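Okay, here's what each chain looks like letter by letter:
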Amino acid sequence: MRGRMSLSPLRPALALCLLAAMGSAEERAFLFSVAPTRGDAPASAFAFTESSLGDPGSSRLVGDGLEQRLGFQARFGRRFTVLASALVPVGEETRGGTTARAELLYDLVSRGTAAQGFTLAAGGGVQREPGGVNVLVGRGVIDFTRARFRTTANMLVEKPLSEGRDRLDALTSLGFALRFGPRFDAGVEMLAEDLEALWEANEAEGGARMMIGPSLHYRSGGRIEANLAGGPIFLLRSAMGSSDALRALGNQAGKDRGYVVRASVAYRF
């Protein structure tokens, strides 16, 4: 109608502004990968609770493969991100006790806003496993975000401070998601563990394994968000060793099948 301005040409710009406004807060985009928040937004954080169900049990902490994790991620200043989490016993068949992990990441390169941009980060920390073994952790992160999709890759190196374990363990993860409106993302996640078994025949955690499967992320109109991800486990190369290492995809020789599923609810501050 004459005298009424059409909003059609403005819709892409309005959608981008909405995504930028929502992306200014810390969010948990993937369950098997982590990424810092970009941009000049005030310091932000989220806390989450996460349930994992797997076969084999993802850390041998619980006999039936069910685990409960509590975690926290916060950004301080413009370049530092703190990660902390703990696995807590939830069943009568629990072996071991609460398992804690803490890391600090530093943004080497951070360009753009939380809704669109590129981040290269690195850092490390320490993890205490159910058997009492302390593990030094190094992590590298690459995150590339656009208005309609996001991809995040993590590369981890772990150094167990214990005899009878590998000198170094190599793990990697990748998440890719398409954005369907302001509240819903859908994509895939991949996790690969103990990749050193591809070139070390005497690897100590039963071989190199990979998981790939669907990933869903929902943002409510408030501060709550939810994630669901998981899939089948594939044995890339077997090894003779077995250990109590904390592994999402299993740690025992001779186990060449399985699955893992994770569900999480997070509260953004």
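Residues numbered from 1 in each chain as written. Predicted model: local features only at pLDDT ≥ 70, side-chain atom pairs only at ≥ 80, totals over all residues. Heavy atoms only, no water.

Q: Would you mind going over unusual backbone geometry with me for this structure?
A: Working note: non-glycine residues mostly have negative phi, and peptide bonds are mostly trans. A positive phi angle, close to 55°, is found at Asp194, a residue other than glycine. Secondary-structure assignment places Asp194 in the loop between β9 (184–193) and β10 (207–219). A relative accessible area of 1% places Asp194 in the buried class. (Helix = DSSP H or I, 4+ residues; strand = E, 2+ residues; numbered from the N terminus. Buried < 20%, exposed > 50% of the residue type's maximum accessible area, 1.4 Å probe, protein only.)

Q: How should the packing of aromatic side chains be read in this particular structure?
A: Each aromatic ring pair is characterised by the separation of its centres together with the angle its planes make. For the coordinates displayed, the defined rule picks out six aromatic pairs. Grouping aromatic residues by their ring pairs yields a cluster made of Phe144, Phe149 and Phe176. A cation over a ring is seen here: Arg28 above Phe48, with NZ or CZ 3.7 Å from the ring centre. (Phe/Tyr/Trp six-rings, centres within 6.5 Å; stacked < 30°, edge-to-face > 60°. Lys NZ or Arg CZ within 6 Å of the ring centre and 35° of its normal.)

Q: I would appreciate a short explanation of the pattern of salt bridges in the present structure.
A: If charged atoms from side chains of opposite charge come close, those side chains can pair. All told, the structure shown has 15 salt bridges when counted by the stated rule. When the shortest N-O distance is used, the salt bridge between Glu50 and Arg262 registers 3.7 Å. With a gap of 212 residues between them, Glu50 in strand β1 (residues 45–55) and Arg262 in strand β12 (residues 259–268) connect regions that are remote in the sequence. One salt bridge connects Asp185 with Arg179, and the closest N-O pair in it is separated by 3.3 Å. Each member of the pair, Asp185 together with Arg179, is buried. Members of the salt-bridge network, linked through shared partners, are Glu27, Arg38, Asp143, Arg150, Arg179, Asp185 and Arg219. (Salt bridge = Lys/Arg side-chain N within 4 Å of Asp/Glu carboxyl O.)

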